[in-house]
Amino acid sequence: MNENILDVTESINNEIKTNSVVLYMKGSVAFPMCGFSAATVQILTSLGVKFSSVNVLDNEKIREGIKKFSNWPTIPQLYVKEEFIGGCDIVKEMYESGELLELLKSKGIEVNPS
Amino acid sequence: MAMTKDNIEELIKQSIPDAKVTIEDLRGDGDHYSAIVVSKSFDGKSMIQQHKMVYESLQGKMGNELHALELKTKSE
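Quick caveat: nothing in here was measured; it's all calculated off a predicted structure.

(A) Layout of the overall build of chain B. Counting secondary structure elements, chain B contains two helices and three strands. What you see for chain B is a C-alpha radius of gyration of 11 Å, in line with the 11 Å of a compact globule of 76 residues. Considered along the principal axes of its C-alpha atoms, chain B spans approximately 35 × 20 × 20 Å. Within chain B, the fraction of its 76 residues that count as buried is 28%. Here the contacts in chain B between residues at least 6 apart in sequence split such that 51% fall between residues at least 24 apart.

Below you can see the structure in the form of structure tokens.
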């Protein structure tokens, strides 16, 4: 097993263990660098969810590592309580159906929908 | 290299033969597409599993040659 991959996996595991809601995205919350990341940030913000974000553009190893971690080819990726929820399309669909709010509540995440 | 609508549809149908695929080139730039894929094989699967099946049919092109594909999957 490649040592680098183990390191990256460990750092991802740490991140999603330490923070209840984590968004792996391109760019920052203030300056998303991709439309899909921006849309996902907007959804989380409108639900009033506190979340931690990781800018994958800052770290090539994380950028590739997160795709292997979840076996999911694209970014953004949303994690709630260590569980991979989905990318932008799924998050959007779940938001529109109200499923996302329910999921967050059921996991004990504080929400404050605007 | 960007992918054409037909490329995408062909790949999806190769691995999900009964799929009804509707693809739109969102910006006309051959790089940003939306796809609706309907297949009975999605039955009983979670949204993540359904999307993964479509991504797998694209054989690693998703996130590489294919930059942006808005995806919706339905079982019926």
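(B) Region of the structure containing the sheet that holds strand β2 (residues 52-55) of chain A. Residue and element names in this part refer to chain A. The four strands are arranged β2-β1-β3-β4 in an open sheet whose pairing can be described as mixed. Only two strands of the sheet have a single neighbouring strand rather than two, namely β2 and β4 (83-86). In this sheet, adjacent strand axes meet at a mean angle of 25° when their direction is disregarded. Pairing geometry for strand β3 (residues 77-80) and β4, over three bridges, is antiparallel.

(C) Summary view of the interface of chain B and chain A. Each side of the interface is counted separately: chain B has nine residues, and chain A has seven residues. Of all the secondary-structure elements, those providing two or more residues to the side of chain B that touches chain A are α2 (47-57) and β3 (68-74) of chain B. With four residues, the single largest contributor to the side of chain B that touches chain A is α2(B).

(D) Broad picture of the packing of helix α2 (residues 35-46) of chain A against helix α4 (residues 88-97) of chain A. Residues and elements named next belong to chain A. Where α2 meets α4, the axes come as close as 10 Å, and the angle between the chain directions of the two elements is 30°. Judged by the inter-axis angle, α2 sits roughly parallel to α4. Along this stretch, α2 crosses α4, giving a crossing that reads as left-handed. On the side of α2, the interface is formed by Phe36, Ala39, Thr40 and Ile43, while α4 contributes Cys88, Val91, Lys92 and Tyr95. Classifying every residue of the contact of α2 with α4 gives six nonpolar, one polar and one charged.

(E) Structural view of unusual backbone geometry. Residues and elements named next belong to chain A. A cis amide bond, omega 15°, links Ile75 with the succeeding residue Pro76. As for its position among the elements, Pro76 is in the loop between α3 (60-70) and β3. At Lys81, a position not held by glycine, the phi torsion is positive, near 50°. Its identity as a non-glycine residue notwithstanding, Glu82 has a phi of 70°, on the positive side. Tracing the sequence through the fold places Glu82 in the loop between β3 and β4. What makes Glu82 exposed here is the crowd of 12 C-beta atoms within 10 Å.

(F) Broad picture of the packing of helix α1 (residues 5-15) of chain B against α2(B). All names here are of chain B. Contact geometry for α1 and α2: axes closest at 8 Å, N-to-C directions at 115°. Classified by the angle their axes make, α1 and α2 are roughly perpendicular. Handedness of the α1/α2 crossing: right-handed. Facing Leu11, Ile12, Gln14 and Ser15 of α1, the residues of α2 in contact are Val54, Glu56 and Ser57.

Rules behind the numbers
- Residues numbered from 1 in each chain as written.
- Chains lettered and ligands numbered in written order.
- Predicted model: local features only at pLDDT ≥ 70, side-chain atom pairs only at ≥ 80, totals over all residues.
- Helix = DSSP H or I, 4+ residues; strand = E, 2+ residues; numbered from the N terminus.
- Rg over C-alpha atoms; globule rule 2.2 N^0.38 Å.
- Buried ≥ 20, exposed ≤ 12 C-beta atoms within 10 Å, placed from the backbone.
- Contact = placed C-beta atoms within 7 Å.
- Pairing = 2+ DSSP bridges.
- Axes fitted to C-alpha atoms, helices over the stretch in contact; angles between N-to-C directions.
- Parallel < 35°, antiparallel > 145°, perpendicular 65-115°, else oblique.
- Left-handed = near helix turned anticlockwise from the far one by under 90°.
- Nonpolar A, V, L, I, M, F, W, Y, C, P; charged D, E, K, R; others polar.

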